[in-house]
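# Reading the structure
Below are the chains, spelled out letter by letter.
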Amino acid sequence: MADKQNIQWFPGHMTKAIRRIKESLRMVDAVAEILDARIPYSSRNPDIDRLIKNKPRLVLLNKSDMANPNVTSRWVRFFDKSGIKAIPIDCKSGKGVKLVMPAVRELMQAQIEKWNQSGMTGRSIRIMVVGIPNVGKSSLINKLAGKTRARAEDKPGITRGNQWYTIDGNIELLDTPGVLWPKFDDKEVGEKLAFTGAVKDQVVDIELLAVRLLEVFTRCPNTLFAERFKLKDEKLEDYTPYELLELIGRKRGMLISGGEVDLERAANVLLDEYRGGKLGRVSLELPEEV
Ligand code: G4P
């Protein structure tokens, strides 16, 4: 899996996207960094982090509906301690989204006062929205700016041009293309990005990925997962993750000729259901204790 992924993780258009973000930074007052609440560390691009440097910043922990709420609260505290306000949001239902604009105004309060004192009363606040592909940038802009303004793409890695959206009269949002990590050597980060669908399935070994995800579910048993795959009466620790994938395929009747399990299909179903939040609210990483 590693070799196949290593080549594809940072295609040419990502380099262009980083360049475009760098150029656009001059035009904005602050940055809203959207992270996946299930993988706040792995979905945080260190290149972007370096680029943003001293700009005021807000972290939005999106897809919080699919993350464990206790773990998300720990991430909020973690960012808080490093001086960054983080807000859990769910752009599917809209939960938490109404807190974003007031937080932007609060973040920019000192600057707004300076503008007012220098006669620039009413100047728009310009915010750049950054995040990896598929993390929910379009969905957030849709929620904030109205339905038809931004189109949600259903495939990761699609490059879009920079675009401005006006919110609440005097806040302007700049959408940027999604940028993935260039960190080729960190297999775990890559895997987590693939579990959540940020890395295209074409570039990963889907069965191996499913087996790795099953290791997570075996370590932290989850009732919903056991119910969905009819595993309630099974002792998960009796199976290797690979055997578990086979069992899942069998229980769901995914057989090919000769009665063998169609492992690829089972792997796709498992990943789809995890990505769709059907296997419970499972966070894949914890913050370091601070
Ligand atoms: P992007 O611009 O950053 O690339 O991401 P985009 O908004 O296109 O969202 C990618 C997928 O993630 C979409 O699903 C979107 O609905 C889903 N999504 C975004 N925010 C949330 C959230 O907070 N919770 C959940 N559960 N899902 C979220 P899709 O399957 O590609 O399309 P569709 O389901 O909208 O048809």
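Our structure is the block above this text.
Residues numbered from 1 in each chain as written. Predicted model: local features only at pLDDT ≥ 70, side-chain atom pairs only at ≥ 80, totals over all residues. Heavy atoms only, no water.

## What to know about the overall build of the protein chain
Selection rule: In this description a helix means any DSSP run of H or I spanning at least four residues, a strand means any run of E spanning at least two, and both kinds are numbered starting from the N terminus. Residue exposure (1.4 Å probe, protein chains only): buried if accessible area is under 20% of the type maximum, exposed if over 50%, otherwise partly exposed. Residue contacts follow a heavy-atom distance rule, with two residues in contact if any of their heavy atoms lie within 4.5 Å.
Counting its secondary structure elements, the protein chain contains twelve helices and six strands. Across the 290 residues that make up the protein chain, the buried fraction comes to 50%. By sequence separation, contacts in the protein chain at least 24 residues apart represent 70% of the contacts at least 6 residues apart.

## A few points about the packing of helix α8 (residues 187-196) against helix α12 (residues 263-275)
To keep things clear, this is the line we draw: Fitted lines through C-alpha atoms give the axes, limited to the stretch in contact for helices. The angle between two N-to-C directions lies from 0 to 180 degrees. By the definition adopted for this analysis, an angle is roughly parallel if under 35 degrees, roughly antiparallel if over 145, roughly perpendicular if from 65 to 115, and oblique otherwise. Amino acid classes used here: Ala, Val, Leu, Ile, Met, Phe, Trp, Tyr, Cys and Pro are nonpolar; Asp, Glu, Lys and Arg are charged; the rest, including Gly, are polar.
Two numbers describe how α8 lies on α12: the axes approach to 8 Å, and their chain directions differ by 80°. Between α8 and α12, the angle is such that the two are roughly perpendicular. The residues of α12 that touch α8, namely those facing A194, F195 and T196, are L271, Y274 and R275. Here the residues of the contact of α8 with α12 are counted per class, giving four nonpolar, one polar and one charged.

## Digging into the sheet that holds strand β3 (residues 85-88)
In a beta sheet, neighbouring strands are held together by backbone hydrogen bonds and run either parallel or antiparallel to one another. As a reminder of what qualifies: Here, strands pair whenever DSSP counts at least two bridges between them.
Read from one edge to the other, the open sheet built from six strands follows the order β3-β2-β1-β4-β6-β5, with strand pairing classed as mixed. Edge positions in the sheet fall to β3 and β5 (163-167), since each has one partner strand and no second. When the angles between neighbouring strand axes are averaged without regard to direction, this sheet yields 25°. Relative to strand β2 (residues 57-62), strand β1 (residues 30-36) runs parallel, the two sharing six bridges. If you follow A32 over to β2, its bridge partner there is L58. Strands in contact with helix α5 (residues 100-107) are β1, β2, β3, β4 (125-130), β5 and β6 (171-175); relative to β2, the strand with the most contacts, it is inclined by about 160°.

## Brief notes about the pairing of β5
Here β5 runs beside β6; their pairing, made up of five bridges, is antiparallel. Looking at β6, one finds that Y165 is bridged to L173. Joining the antiparallel neighbours β5 and β6 is a turn of three residues, in which D168 adopts a positive phi near 50°.

## Here we look at the packing of aromatic side chains
Each aromatic ring pair is summarised here by two numbers: the centre-to-centre distance and the angle between the ring planes. Note the threshold: Each pair of aromatic rings taken from Phe, Tyr and Trp, with Trp reduced to its six-membered ring, is defined by centres within 6.5 Å and is described as stacked if the planes are under 30 degrees apart, edge-to-face if over 60, and tilted in the remaining cases.
The full count for this structure, using the stated rule, is six aromatic pairs. Here a set of aromatic residues connected by ring pairs shows up, and it is made of F217, F225, F229 and Y274.

## Quick look at the pattern of salt bridges
Put simply, the rule reads: For this analysis, a salt bridge means a side-chain nitrogen from Lys or Arg found within 4 Å of a carboxyl oxygen belonging to Asp or Glu.
All told, the structure shown has 17 salt bridges when counted by the stated rule. Two residues, R57 and D49, come together in a salt bridge whose shortest N-O distance is 2.7 Å. When its relative accessible area of 30% is taken as the criterion, D49 is described as partly exposed. The partner of K187 in a salt bridge is E191, with the nearest N and O atoms 3.5 Å apart. Taken as a pair, K187 and E191 lie in helix α8 at a separation of four residues, close to a single helical turn. The partly exposed category is assigned to K187, whose relative accessible area is 43%.

## Thoughts on the environment of K235
Structurally, the position occupied by K235 is in the loop between α10 (223-228) and α11 (241-251). The exposure class of K235 is exposed, given its relative accessible area of 52%. Along the backbone, K235 and T218 are 17 residues apart, and their C-alpha atoms lie at a distance of 9.4 Å.

## A look at the side chain of R38
Structurally, the position occupied by R38 is in the loop between β1 and α3 (46-52). Given the relative accessible area of 1%, R38 is considered buried. If we skip the residues at most four places from it in the chain, R38 touches K63, M66, A67, T196, Y274, R275, V282, S283, L284 and E285.

## So, unusual backbone geometry
Positive phi, close to 40°, is recorded for K53, a residue that is not glycine. In this fold, K53 is placed in the loop between α3 and β2. Here N134, not a glycine, exhibits a phi torsion of approximately 75°, which is positive. Within the secondary structure, N134 sits in the loop between β4 and α7 (137-145). A residue is classified by how much of its surface remains accessible, and N134, at 29% relative accessible area, is partly exposed.

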